[in-house]
Amino acid sequence: GSDYIIAGNVSKYVVLPAAYSGQPKKGHLVFDACFESGNLGRVDHITEFEYDLFIRPDTCNPRFRVWFNFTVENVKESQ
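It should be emphasised that the depicted structure is a prediction, and the values quoted were computed from it without experimental measurement. (Residues numbered from 1 in each chain as written. Predicted model: local features only at pLDDT ≥ 70, side-chain atom pairs only at ≥ 80, totals over all residues. Heavy atoms only, no water.)

**Thoughts on a nonpolar patch on the surface**
- Taken together, F64, V66 and W67 make up a surface patch of nonpolar side chains, about 300 Å² in accessible area.
- Examined against the element boundaries, F64 turns out to sit in the loop between β4 (50-55) and β5 (71-73). (Patch = residues over 30% accessible without salt bridge, like charges linked within 9 Å, V, L, I, M, F, W, Y side chains within 5 Å. Areas by Shrake-Rupley, 256 points an atom, 1.4 Å probe, with all protein chains shown as cover. Salt bridge = Lys/Arg side-chain N within 4 Å of Asp/Glu carboxyl O. Helix = DSSP H or I, 4+ residues; strand = E, 2+ residues; numbered from the N terminus.)

**Comments concerning the pairing of β4**
- When strand β3 (residues 40-47) meets β4, the two strands line up antiparallel, connected through six bridges. Counterpart to T47 in the pairing with β4 is E50. (Pairing = 2+ DSSP bridges.)

**Comments concerning the UniProt feature "domain: Cytosolic carboxypeptidase N-terminal" (unreviewed entry) in the protein chain**
- Residues annotated in UniProt with the feature "domain: Cytosolic carboxypeptidase N-terminal" (unreviewed entry) correspond here to residues 32-77.
- Summarising residues 32-77: 0% helix, 39% strand, and an end-to-end C-alpha distance of 20 Å. (UniProt positions renumbered as here; feature names shortened; annotations may be inferred.)

Right, dumping it as C-alpha cells:
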C-alpha cells in the first residue's frame, strides 16, 4: 500500500503525456470529480489507453474505497 494522501477531488484535470507540451488535443482525457459524491483524487497517464486512477476514501469511513464517481471528457474514437 502507498502512504500517499489524496486530499481533494480532481477538477477538470487534463491528463497529458509526460513529454507533451502545448494545447490539449482530442484524446487528451479530461477527468472531473468536483461534484457531490465525486471521489477521484489523482490520475496518472501511463499510455494513450491506460491511466492509473486513485480513488479517495469514503468521507464517513476512510478505510473503505468501495465506489467511484467521476466523469471523463475529450475522448477520441477507438480510445
